[in-house]
Every structure is written in C-alpha cells, then in structure tokens.
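This is what each chain is made of:
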Amino acid sequence: MTPTTEAELAEVIAAADGPLRIVGGGTRDIGALVDAAPLSTRGLTGITLYEPGALTLVARAGTPLADIEALLAAEGQRLAFEPGDMRDLLGTEGTSTIGGVIATNASGPRRIQVGAARDFCLGVRFVDGQGQVLKNGGRVMKNVTGYDLVKLMTGSWGTLGVLTEVSLKVLAIPETEATLVCDDESAETAVASMAAALGSPFDVTGAAMMNGQTMIRVEGLAQSVAYRARALQQGVLQGFDIVEGDASAKLWRDLRDVAPFAGKEGAVWRISVKPSDGPALVRELGALSPEAIFDWGGGLIWLRVADEGDAGAKLIRDDLAHIGGHATLVRASAATRTAVPVFHPDPAPLAKLSKGLRAKFDPRGILNPGLMGA
C-alpha cells in the first residue's frame, strides 16, 4: 500500500483490519521484526514550502532526503543535525526519506553543538492509529503550545502515528571547516582531549575517536576557523595535526555513516553513556572482543561484536544498569533481533507512560506493533 495523499493514508489506516508495518525509504531497518502488511509513505512526496530567508522548509514525509539536501545546498543551507546514511552499515537499499529521518530522530556528529533532529522540527502532520489527521507546531520555533506532539513524534519510529508532513528549521552552510587529528591516543586520553576541546571557547562542532584517531572539528568563516584551529593546536590539543577541506569533510561523513563497520560481520550496538564512563565500559566488555567508535565527546559509542548468542546484550545492559545509559541493537541477524530486545528496556514508570501514549494514539495497536518492544 502506497497512498499518495494524506487523505488516502488516513482511509487506509482507518479501514485496516490488521497490523501495519510503516515503511519510509526502507534504509533504516532497525527494531524488532514486524509481521504485518507494509504501508509505505513514499507516495507522499514534495517540498511544499521553502523560505531561505526564514530558514524554514516544509516537506511531505516521503520526500527523498537527497532532494531536500540538494535544494538547500543550492541556497547555501543544510540540515544542521547531520542525518546519516545507514545503507552500507545495515545492508539496505532504497532512498532515505525526510519522514524516516524525523521518525527515527536521526542525528549525527554535530548534535553535540546544535542539537538533534527533534530540535530542528518545527511542526508535524500525521495520521494516528484510528485514521485521524493531527497536526502540531508550525513554521517558527515559538509556535508550539499545549502538548508538544512535535517532540513526541520525533523518534517514535512510526508507533504513535504515520508522519505525512514535517516543518524544519535549516541553517547556513559554513564557509569552511577543519579537523584537528591525533593518532594512537588511548580511549581515556582521547575522551580527555575531547572534553578539553568541547570545554574551550572555540565552538567545536564535532569530537570523536574513530579508527584509533581522535578528531576535533571546527566550522565557520575561513579566518575564524584558522584562528580557532591554531588556538586549539597551541593550547589543549598540542601534538594534533590539522586536516582541511574535503579531507576533513570525509572524516565526518564516514563517522556519521559508521563507515568503519560497513561490510564487516557482526552485531552493531549504539550505546549512550556519560563520556567519562565510555572507555571503562568498553574495557569491561573485553570478553566480547569489541571494536569501538566514540562520538559526541565520548557520550555515544558504536560497538561491533560477534553476532553470537545474545550479541552481548546481557553484559552490555548489566553494565549500563550500574553506570547509567542505554543501548540499542542497530544491526544483527533476524534471529538475534527476535530473541533480544532491540531497544533498551524502559524502567517501569517510563514503560507505563509509553504504553499509555500508544493506547491514546493507536488504541488498536496496529502501527508497527512490537517494533520497539512491549
């Protein structure tokens, strides 16, 4: 089923006599397996409003992300939250859609400076599990009153409603960028370097460790970038080299897309912790022979382990129960995704709240049932 209008989508959902698997571009195949009739949003395409001067764009949910990025780039603008391309990592095909980006709250390395996808979503239109069309927010950041459905829908993975249109704030593309890099730092030293850079006054927009290399990014006007890079190099990042232009941009594209794990066997976890806890956590998981990438100053860990047994779920989540944090199984075999909770189990109070929200927006339980767990 691929409706081409919001009204058609509402009719399909209202008339559904069984569960529905909501599909955008099909590039982010994450979550428990859903045995249901596919319902695609790819027919809901088109950019309905773009006002470069107001830094505002409105697009239907099935609009390809590439189309939006091309239109913005022509005006010297971009989606600042840096959504990644997961196709190589997950082995998927298709075309990423803006609805899928917002439904999954897909946010890349720049999140530490500018915020996540949900922070740039100004408004949404969606169809709930009863076939009702709902809208919230608007075209300016202040136009959010009452119950904030914009934040609720961003990251709900199609379990509360099916997005039909999103309004987004966009930002200008900076004139240039530079990355300070250092090889062969330990994870502990890398996290300390990242913390020092992020705590500096030099407006760092990326802090990560990938392939054994610590990376610190600065962006902006050319003179400003040159000054800030030198100041960091002469201050808290002594011994770091500077990479500029396309070479710098490629480092962050690879990080954004988790390129080092693409094409390699094994399960992939996405773990959020306090940055200071990350290196110790990875060390304590040594029995899994993990390969780790640190992003967001060390607060986000991409972890590749063998896809055997529970893919390390018990070890990882037991450790997180002591230090705080959560882990999502981003990639694994169908058998592992069936046996292991893909999303981190919620504590009882939050689970009760989530269940209540699903009962409110999808009382029949037909939208992506079981995708995010019970």
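Quick note: structure is the one above.
These numbers come from a predicted model, not from an experiment. (Residues numbered from 1 in each chain as written. Predicted model: local features only at pLDDT ≥ 70, side-chain atom pairs only at ≥ 80, totals over all residues. Heavy atoms only, no water.)

S.K.: I'm lost on the overall build of the protein in this one. Help?
M.R.: On a plain count of helices and strands, the protein comes out with 13 helices and 17 strands. By the compact-globule yardstick of 21 Å for 374 residues, the protein fits well, its C-alpha radius of gyration being 21 Å. Dimensions along the principal axes, computed over C-alpha positions, put the protein at roughly 65 × 55 × 35 Å. Scored against the burial criterion, the 374 residues of the protein give a buried share of 51%. Partitioning the contacts of the protein with sequence separation of at least 6, the portion at a separation of at least 24 is 72%. Here the protein displays about 16300 Å² of accessible surface, and carbon together with sulfur accounts for 52% of that area. (Helix = DSSP H or I, 4+ residues; strand = E, 2+ residues; numbered from the N terminus. Rg over C-alpha atoms; globule rule 2.2 N^0.38 Å. Buried < 20%, exposed > 50% of the residue type's maximum accessible area, 1.4 Å probe, protein only. Contact = heavy atoms within 4.5 Å. Areas by Shrake-Rupley, 256 points an atom, 1.4 Å probe, with all protein chains shown as cover.)

S.K.: Would you take a moment to explain the pattern of salt bridges for this structure?
M.R.: Any two side chains of opposite charge can pair, on the condition that their charged atoms come close. Per the counting criterion, the structure on display carries 15 salt bridges. Of the charged contacts, one joins Glu219 and Arg78 as a salt bridge, the two residues approaching to 3.4 Å between their closest N and O atoms. Highlighted residues: Glu219 in strand 12 (residues 213-220) and Arg78 in strand 5 (residues 77-78), separated in sequence by 141 residues. For Arg256, the salt bridge identified is with Asp257, shortest N-O distance 2.7 Å. (Salt bridge = Lys/Arg side-chain N within 4 Å of Asp/Glu carboxyl O.)

S.K.: Looking at this model, I keep getting lost on the environment of Ala187. Mind explaining?
M.R.: Among the secondary structure elements, Ala187 is positioned in helix 7 (residues 187-198). When the C-alpha atoms of Ala187 and Met209 are compared, they prove to be 7.8 Å apart, with 22 residues separating the residues in sequence. Apart from the residues within four sequence positions on either side, Ala187 is in contact with Met209, Pro279 and Phe294.

S.K.: Would you explain the pairing of strand 12 in this entry?
M.R.: Side-chain direction in a regular strand flips from residue to residue, so the side chains alternate between the two faces of the sheet. Most of strand 12 is tucked away: eight of the eight residues are buried. Pairing of strand 10 (residues 176-183) with strand 12, which is carried by eight bridges, proceeds in the antiparallel orientation. Following the sheet pairing, Leu180 is matched in strand 12 by Ile216. Pairing analysis gives six bridges linking strand 11 (residues 204-210) to strand 12, with the strands arranged antiparallel. By the bridge assignment, Met210 is partnered in strand 12 with Gln213. (Pairing = 2+ DSSP bridges.)

S.K.: Is there a simple way to explain the nonpolar core in this structure?
M.R.: Considering soluble globular proteins, one finds that nonpolar side chains tend to be buried as a cluster. Counting 65 residues, the largest nonpolar core has Ile216, Trp269, Ile271, Leu303 and Ile316 as the members making the most contacts within it. Here Leu303 is in contact with Phe261, Ala267, Val268, Trp269, Ile271, Val282, Leu285, Pro290, Glu291, Ala292 and Ile316, once residues within four sequence places are set aside. In this structure, Leu65, Ala106, Val124 and Phe126 belong to the second largest nonpolar core, which totals 31 residues. (Core = buried A, V, L, I, M, F, W, Y, C linked by side-chain atoms within 4.5 Å.)

S.K.: Just to check I follow, could you spell out helix 9 (residues 245-256) for this structure?
M.R.: Think of an α-helix as turning once every 3.6 residues; residues three or four places apart then point the same way. Along its 12 residues, helix 9 runs 17 Å from first to last C-alpha, staying within 8% of the 16 Å computed at 1.5 Å per residue. Regarding helix 9, the residues found buried are Ser248, Leu251, Trp252 and Leu255. Down the axis of helix 9, the buried set is contained in an arc of 85°. They therefore lie on one face. Those residues of helix 9 that are buried lie in contact with strand 10, strand 11, strand 12, strand 13 (241-244) and strand 15 (291-295). (Expected span 1.5 Å × (residues − 1). Arc of directions from axis to C-beta.)

S.K.: Any chance you could explain the packing of aromatic side chains here in plain terms?
M.R.: Note on aromatic pairs: each is described by the distance of the centres and the angle between the planes. Per the stated rule, a full pass over the model turns up four aromatic pairs. Judged by centre distance (5.8 Å) and plane angle (45°), the rings of Phe81 and Phe120 are tilted. Of the two residues, Phe81 sits in the loop between strand 5 and helix 3 (87-90) while Phe120 sits in the loop between helix 5 (111-114) and strand 6 (121-128), which places them 39 residues apart along the sequence. Accessibility classification places Phe81 together with Phe120 in one group, the buried group. Residues Phe126 and Phe361 carry aromatic rings whose centres are separated by 6.3 Å and whose planes lie at 55° to one another, so their mutual orientation is tilted. Of this pair, Phe126 sits in strand 6 while Phe361 sits in helix 13 (residues 348-361); the two residues are 235 residues apart in sequence, bridging distant segments of the chain. For Phe361, a relative accessible area of 8% corresponds to the buried category. Its guanidinium or amino end placed over the ring of Trp252, Arg217 lies 4.6 Å from that ring's centre, counting from NZ or CZ. (Phe/Tyr/Trp six-rings, centres within 6.5 Å; stacked < 30°, edge-to-face > 60°. Lys NZ or Arg CZ within 6 Å of the ring centre and 35° of its normal.)

S.K.: For this particular structure, what's the right way to read the pairing of strand 6?
M.R.: Taking burial as the measure, the eight residues of strand 6 include seven buried ones, the bulk of the element. As paired elements, strand 6 and strand 8 (residues 161-169) share seven bridges and run antiparallel to each other. Its bridge partner lying in strand 8, Gly123 is registered against Ser167.

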